[in-house]
Amino acid sequence: EAGVVQSPRYKIIEKKQPVAFWCNPISGHNTLYWYRQNLGQGPELLIRYENEEAVDDSQLPKDRFSAERLKGVDSTLKIQPAELGDSAVYLCASSLGTGWGQSEAFFGQGTRLTVV
Amino acid sequence: GESVGLHLPTLSVQEGDNSIINCAYSNSASDYFIWYKQESGKGPQFIIDIRSNMDKRQGQRVTVLLNKTVKHLSLQIAATQPGDSAVYFCAEITSGGYNKLIFGAGTRLAVHP
């Protein structure tokens with residue numbers, strides 16, 4: 001069974017440029033998460049989807065970040081314009097749901113973003 | 001890939017010894033906890049979970065202990081192997097409309113032969 005697939009694996013861009021990340025969750029998983037992980041720190045939640053609805057985007061910097069999950073499957077995360085401080089690993093995860101026995105989140109390998 | 005544990009506390013153990021990794025969580029209303037293992041250049045990987053109505057749960061070579069009184073979680077790894085070297089994170093979920101998976105600070109486990 002394929003796991004969570006993210007692309008690209010690495011991205012280097014100049015500041016003020018736009019960038020987009022793509023995530024394909026595990027088939028049948030209703031919950032999808034985007035996390036940002038800075039070096040030496042734990043992942044920080046950016047946004048959580050239940051199917052196609054963003055149920056928690058309180059941590060998403062909405063002035064420059066946007067996300068979508070059309071049809072409740074694949075998701076994209078966009079940054080426009082990127083800033084130097086956005087350099088991090090962006091992780092996508094999915095789970096069956098959020099209740100007991102469903103909450104195990106499976107993570108992709110992440111996209112390593114470097115803004116120069 | 002780059003290390004994810006450059007600035008994290010490190011636990012160094014000898015191969016074959018038992019390891020205990022500790023975590024303090026923040027929300028007393030959290031009712032579900034998960035331990036994740038993250039190897040360099042990879043996403044976090046599920047190890048074991050525990051519900052708040054339990055105080056202990058065992059898996060293969062791993063045991064999670066939960067002390068709700070002091071909001072403390074621990075992961076015990078028996079007979080630690082070189083392949084266990086990674087950064088370990090605890091994560092908490094609070095149900096009741098607030099089903100957010102929140103990660104705590106990690107600990108880097110270094111296993112020496």
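Before reading further, recall that the structure is shown in the block above.
Residues numbered from 1 in each chain as written. Chains lettered and ligands numbered in written order. Predicted model: local features only at pLDDT ≥ 70, side-chain atom pairs only at ≥ 80, totals over all residues. Heavy atoms only, no water.

Asker: What am I meant to see in the side chain of A:Asp56 here?
Answerer: Within the element layout of this structure, A:Asp56 appears in strand β6 (residues 53-56). Classification of A:Asp56 as buried rests on a relative accessible area of 10%. At 2.8 Å, the side chain of A:Asp56 forms a polar contact with the side chain of A:Ser58. Once residues within four sequence positions are removed from consideration, A:Asp56 is found in contact with A:Leu45, A:Leu46, A:Ile47, A:Arg48 and B:Lys100. (Helix = DSSP H or I, 4+ residues; strand = E, 2+ residues; numbered from the N terminus. Buried < 20%, exposed > 50% of the residue type's maximum accessible area, 1.4 Å probe, protein only. Polar contact = N/O pair within 3.5 Å; in protein donor to acceptor, adjacent residues only side chain to side chain. Contact = heavy atoms within 4.5 Å.)

Asker: Can you help me understand the sheet that holds strand β6 (residues 62-67) of chain B in this one?
Answerer: Strand pairing in a sheet relies on backbone hydrogen bonds, with the paired strands running either antiparallel or parallel. All names here are of chain B. One open sheet accounts for four strands, arranged β2-β7-β6-β5; its pairing is antiparallel. Each edge of the sheet is formed by a strand with only one pairing partner; in this case those strands are β2 (19-24) and β5 (56-58). Ignoring which end each strand starts from, the neighbouring axes of this sheet average 15° apart. (Pairing = 2+ DSSP bridges. Axes fitted to C-alpha atoms, helices over the stretch in contact; angles between N-to-C directions.)

Asker: Can you help me understand the state of the cysteines in this one?
Answerer: As used here, a disulfide is simply a covalent bond connecting the sulfur atoms of two cysteines. The final tally for this structure, using the stated rule, is two disulfides over all chains. Two residues share a disulfide in this structure: A:Cys23 and A:Cys92, whose sulfurs sit 1.9 Å from each other. One quick way to see it: the torsion about the S-S bond of A:Cys23 and A:Cys92 is about -70°, and its sign makes the bridge left-handed. Separated by 69 residues along the polypeptide, A:Cys23 in strand β3 (residues 19-24) and A:Cys92 in strand β9 (residues 88-95) bring together distant segments of the chain. A relative accessible area of 0% places A:Cys92 in the buried class. Here B:Cys23 is linked by a disulfide to B:Cys90, with a sulfur-sulfur distance of 1.6 Å. With B:Cys23 in strand β2 and B:Cys90 in strand β8 (residues 86-93), this pair connects stretches of sequence that are 67 residues apart. Both residues of the pair, B:Cys23 and B:Cys90, belong to the buried class. (Disulfide = S-S within 2.5 Å.)

Asker: How should the pattern of salt bridges be read in this particular structure?
Answerer: Any two side chains of opposite charge can pair, so long as their charged atoms come close to each other. Residues and elements named next belong to chain A. Within the structure shown, the criterion is met by seven salt bridges over all chains. Ionic pairing is found between glutamate 50 and arginine 48, a salt bridge with its closest N-O pair at 2.5 Å. Look at glutamate 50 and you get partly exposed, because its relative accessible area is 22%. By relative accessible area, which is 6% here, arginine 48 ends up buried. Between lysine 62 and aspartate 57 there is a salt bridge; the shortest N-O distance is 3.8 Å. Exposure remark for aspartate 57: the relative accessible area of 28% places this residue in the partly exposed category. Ionic contacts of the salt-bridge type, sharing partners, join the residues Arg64, Glu83 and Asp86 into one network. (Salt bridge = Lys/Arg side-chain N within 4 Å of Asp/Glu carboxyl O.)

Asker: Could you clarify how one ought to interpret the interface of chain B and chain A in this entry?
Answerer: How big an interface is tends to be stated in terms of the accessible area lost upon association of its parts. The interface of chain B with chain A comprises 27 residues on the first partner and 25 residues on the second. Both sides of the chain B and chain A interface together cover about 2,100 Å² of buried area, and 60% of this is carbon and sulfur. Along the contact surface separating chain B from chain A lie zero salt bridges. At the junction of chain B with chain A, the criterion picks out four residue pairs in polar contact (both at pLDDT 80 or more). Among the secondary structure elements, those contributing two or more residues to the side of chain B that touches chain A are β3 (32-38), β4 (45-51), β8 and β9 (101-103) of chain B. For the side of chain B that touches chain A, the residue count by class is 14 nonpolar, seven polar and six charged. (Buried area = accessible area lost by both parts, 1.4 Å probe. Nonpolar A, V, L, I, M, F, W, Y, C, P; charged D, E, K, R; others polar.)

Asker: Even after reading the chapter, I still don't get the environment of A:Pro18, so can you show me in this structure?
Answerer: All names here are of chain A. Note that proline 18 resides in the loop between β2 (10-13) and β3. Residue classification places proline 18 among the partly exposed residues on the basis of a relative accessible area of 44%. For the pair proline 18 and leucine 96, spaced 78 residues apart in sequence, the C-alpha separation works out to 31 Å. Sequence-distant contacts of proline 18, defined by excluding residues within four places in its chain, comprise Ile13, Ile79 and Gln80.

Taken by themselves, the reported measurements are silent on function.
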